[in-house]
Amino acid sequence: GYTIFRNGALLSTTTTISYSDLSLVSSTNYTYYVTAYDGAGNSSAPSNTVTITVPGEVVSQTISIVSYQVSKKSSTTAVVSWSTNVPTTGSIAYGLSSSVLDTVLTDSTSSQTHSITLTNLKPATKYYFKIKADKDGSQSVSSHVSSFRTMSK
């Protein structure tokens, strides 16, 4: 694998030969170097250092839903949480059929983490949902339709 350093500090580790740094600030200089490690944990010497300058206007990043989960399920409520790679607003469309997601709840706070509590659900019932993340009205992305079942009591 590889260990990636930015400005002398550990940035990330990866097992692939490419890496995208998505947390850059415009009009800023960055230095990078990499070390490699083997299965026994032995590390190589650092690579040559590379310096980059981020232009004054950063090109917009493609947004993605990094993860999501349903937690704190009861017979009448469930919490749907998700995270995105950049700050977004979001919404959840849900319903009793995967093709009819007729109730929509919105989180209008721009953040990389979101959590919405679904209420007034029926006990022991399967619900379908889809998450939509929106970045400043310029980009949006939706998850696949997923499902969960409320508790019986």
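Placed above this text is the structure.
Residues numbered from 1 in each chain as written. Predicted model: local features only at pLDDT ≥ 70, side-chain atom pairs only at ≥ 80, totals over all residues. Heavy atoms only, no water.

What follows is about the overall build of the protein. Within the protein, the regular secondary structure consists of zero helices and 10 strands. Listed by position from the N terminus, the elements making up the protein come as β-β-β-β-β-β-β-β-β-β. Computed over its C-alpha atoms, the radius of gyration of the protein comes to 21 Å, more than 25% above the 15 Å expected for a compact globule of 153 residues. Across its three principal directions, the C-alpha atoms of the protein cover 60 × 40 × 20 Å. Buried residues in the protein amount to 30% of all 153 residues. Expressed as a percentage of contacts within the protein between residues at least 6 apart in sequence, the contacts between residues at least 24 apart total 54%. If you sum the accessible surface of the protein, you get close to 9200 Å²; carbon and sulfur atoms cover 51% of it. The averaged location of the 7 negative side-chain charges in the protein is 18 Å from the averaged location of its 10 positive side-chain charges. (Helix = DSSP H or I, 4+ residues; strand = E, 2+ residues; numbered from the N terminus. Rg over C-alpha atoms; globule rule 2.2 N^0.38 Å. Buried < 20%, exposed > 50% of the residue type's maximum accessible area, 1.4 Å probe, protein only. Contact = heavy atoms within 4.5 Å. Areas by Shrake-Rupley, 256 points an atom, 1.4 Å probe, with all protein chains shown as cover. Lys, Arg positive; Asp, Glu negative; His and termini not counted. Charge placed at Lys NZ, Arg CZ, Asp CG, Glu CD.)

Attention now moves to the environment of Ser-27. Topologically, Ser-27 is positioned in the loop between strand E2 (9-14) and strand E3 (29-36). Accessibility expressed as a relative area gives 59% for Ser-27, which makes it exposed. When the C-alpha positions of Ser-27 and Ile-4 are compared, they lie 21 Å apart, and in sequence the two are 23 residues distant. Here Ser-27 is in contact with Val-54, Pro-55 and Gly-56, once residues within four sequence places are set aside.

What follows is about the pattern of salt bridges. If the charged atoms of two oppositely charged side chains come close together, the side chains can form a pair. A complete count under the given rule lists one salt bridge for this structure. A salt bridge links Asp-21 to Arg-6; the nearest nitrogen and oxygen atoms lie 2.7 Å apart. With a gap of 15 residues between them, Asp-21 in the loop between E2 and E3 and Arg-6 in strand E1 (residues 2-6) connect regions that are remote in the sequence. The exposure class of Asp-21 is buried, given its relative accessible area of 15%. (Salt bridge = Lys/Arg side-chain N within 4 Å of Asp/Glu carboxyl O.)

Within this structure, the stated rule accounts for six aromatic pairs. Here the aromatic rings of Tyr-68 and Phe-129 are separated by 6.0 Å at their centres, their planes lie at 85°, and the arrangement is edge-to-face. Here Tyr-68, found in strand E5 (residues 65-71), pairs with Phe-129, found in strand E8 (residues 126-135); they are 61 residues apart in sequence, far enough to count as distant. Among the aromatic side chains, those forming a connected cluster through ring pairs are Tyr-68, Tyr-94, Tyr-127, Phe-129 and Phe-148. (Phe/Tyr/Trp six-rings, centres within 6.5 Å; stacked < 30°, edge-to-face > 60°.)

Now for the layout of surface pockets. Of the voids in this model, the largest pocket is the one considered here, and its volume is about 150 Å³. Every residue along the wall of the largest pocket is listed here: Tyr-2, Ile-4, Thr-14, Thr-16, Ile-17, Ser-18, Tyr-19, Ser-20, Asp-21, Leu-24, Tyr-32 and Val-34. For the lining of the largest pocket, the secondary-structure elements that each account for two or more residues are E1 and E3. Its residues assigned to classes, the lining of the largest pocket shows seven nonpolar, four polar and one charged. (1 Å grid on protein atoms, 1.4 Å probe; cavity = no way out; pocket = protein on both sides within 12 Å on 5 of 7 lines; lining within 4 Å. Points joined across faces, edges and corners; volume = space filled by probe spheres on them. Nonpolar A, V, L, I, M, F, W, Y, C, P; charged D, E, K, R; others polar.)

Tracing the backbone shows Ser-26 in the loop between E2 and E3. What makes Ser-26 partly exposed here is its relative accessible area of 29%. In sequence terms Ser-26 and Ser-91 are 65 residues apart; their C-alpha atoms lie 29 Å from each other.

Strand order in the open sheet formed by four strands is E2-E1-E3-E4, with antiparallel pairing between adjacent strands. The open sheet has two edge strands with one neighbour each: E2 and strand E4 (50-53). Going across the sheet, the axis of each strand differs from the next one's by a mean of 30°, ignoring polarity. As paired strands, E3 and E4 are joined by four bridges and run antiparallel to one another. (Pairing = 2+ DSSP bridges. Axes fitted to C-alpha atoms, helices over the stretch in contact; angles between N-to-C directions.)

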